[in-house]
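Descriptive analysis of the structure
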Amino acid sequence: MGICLLSAVIGGLFAFTTNAAESGALESWNFGSTAGWVRYDPLNNANAPMTNPTNCLEVVFGTLTMATPQVHIIRADMNASEGKFSGQYWSTGITNVNFRIYCATRVPDDLRLYFYNATSSNWWYCPLATPEVGTWVSYSVPMFYNAGWRLSGGTSGQFKRDLQGMAWIGIQIQRNSDIQSQTYRIDDFVLNGASKYKDKDGDGMNDLHEYIAGTDDANAESVFKVEILSTNLPNGRARTMLRWTSAPDRMYTVRRTSNLMEGFPENRGRVPGKPDKTQFEDEGSEDGKAYYYKVDVE
Ligand SMILES: [Ca+2]
Ligand SMILES: [Ca+2]
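Source: prediction; values computed, not measured. (Residues numbered from 1 in each chain as written. Chains lettered and ligands numbered in written order. Predicted model: local features only at pLDDT ≥ 70, side-chain atom pairs only at ≥ 80, totals over all residues.)

Describing the environment of E298
With respect to the element layout, E298 can be found in the segment after strand 18 (291-297). Of the residues examined, E298 has 21 C-beta atoms within 10 Å and is grouped as buried. Taking the C-alpha atoms as reference, E298 lies 8.7 Å from S91; in sequence the two are 207 residues apart. (Helix = DSSP H or I, 4+ residues; strand = E, 2+ residues; numbered from the N terminus. Buried ≥ 20, exposed ≤ 12 C-beta atoms within 10 Å, placed from the backbone.)

What about the domain arrangement of the protein?
If you check the domain split of the protein, you get domain 1 (2-13 + 198-297) and domain 2 (26-193). The centre of domain 1, based on its C-alpha atoms, is set 38 Å off from the matching centre of domain 2. Listed as interface residues are 5 residues of domain 1 and, on the opposing side, 7 residues of domain 2. Here the residues of the side of domain 1 that touches domain 2 sort into 4 nonpolar, no polar and 1 charged. (Domains from an automatic or database assignment. Contact = placed C-beta atoms within 7 Å. Nonpolar A, V, L, I, M, F, W, Y, C, P; charged D, E, K, R; others polar.)

Details of the sheet that holds strand 4 (residues 46-49)
With antiparallel pairing, 6 strands are arranged side by side in an open sheet as 4-3-6-11-8-9. Looking at strand neighbours, the two that pair on one side only are strand 4 and strand 9 (122-127), the edges of this open sheet. Sheet twist, expressed as the mean angle between neighbouring strand axes with direction ignored, is 30°. In this sheet, strand 11 (residues 168-174) lies alongside strand 6 (residues 71-76) in antiparallel orientation, the contact comprising 6 bridges. Each residue of the ladder has a partner; that of A76, found in strand 11, is I169. (Pairing = 2+ DSSP bridges. Axes fitted to C-alpha atoms, helices over the stretch in contact; angles between N-to-C directions.)

Side note on the sheet that holds strand 17 (residues 276-281)
Strand order in this open sheet of 3 strands is 13-14-17, and the pairing throughout is antiparallel. Edge positions in the sheet fall to strand 13 (226-232) and strand 17, since each of these pairs with one other strand and no more. On average, each strand axis in the sheet is tilted by 30° relative to the strand beside it, whichever way the strands run. Summarising the sheet, strand 13 and strand 14 (residues 238-246) pair through 7 bridges and their orientation is antiparallel.

Observations concerning the environment of M261
One can find M261 in the loop between strand 15 (251-257) and strand 16 (266-272). On the basis of neighbour counts, which here come to 5 C-beta atoms within 10 Å, the residue M261 falls in the exposed class. Here the alpha-carbon distance between M261 and G154, two residues 107 residues apart in the chain, equals 42 Å.

Here it is as structure tokens:
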């Protein structure tokens with residue numbers, strides 16, 4: 001017979017991150033410096049400092065005599081805005097990256113949001129819709145794999161791991177193939193997140209934990225819940241079976257103890273999530289013995 005404790009605990013493996021991105025972090029370049037915000041040219045592997053002549057970041061591509069591809073990533077490294085835009089995005093529950101862009105005379109040939117994880121050396125990007133000339137256009141980019149994030153050979157699991165330590169994040173602008181000089185402005189770069197202080201749907205689980213568990217924070221019916229069941233063995237005895245609310249891009253770890261004073265030292269298995277519910281049979285459970293279980297989600 002098993003007794004179950006519920007938990008939505010974030011798993012380990014975060015040791016390599018030194019800082020955490022901040023939900024609600026905003027950079028509008030109205031005051032202070034643009035330090036840490038650089039204009040990176042991946043074709044020439046060169047960085048140039050950014051300026052904010054009109055209280056926003058300004059990117060100018062000069063007049064050309066011959067059409068030449070030019071790509072710049074306006075990116076925030078660990079030094080930008082006191083480190084608020086780098087580091088851990090996953091456990092801090094960053095759900096969206098918002099910003100706006102103004103195209104003074106031309107639209108870029110291509111616009112993307114990029115981020116880089118130094119541990120895996122992966123460059124993830126999300127293609128963005130073409131902005132307009134002469135007006136500010138706002139973007140809100142979900143930090144979910146299925147929002148269109150791309151990496152050659154990338155998987156949703158790798159995406160989530162790479163969100164655990166972001167070296168930089170930035171907006172890539174590919175100049176319009178026009179040879180004329182062109183100016184782009186970027187403003188109000190904001191990280192939106194799920195708050196651990198809010199429980200929008202009042203189901204007892206805060207928004208951050210719902211984000212981590214992959215449940216819907218606007219639906220009280222959708223909540224991380226573990227049920228304890230038992231399966232009957234041919235010998236008439238029973239074995240513990242657990243079933244919990246799950247999402248396909250989450251990993252679950254089942255832990256067990258028979259003495260709560262000792263914590264949960266027994267790792268019974270790591271299970272990838274299935275849509276809706278995931279079931280786990282604890283094959284080493286002895287009939288007639290009491291166990292406590294804990295399911296961690298990451
Ligand atoms: Ca909730
Ligand atoms: Ca909910």
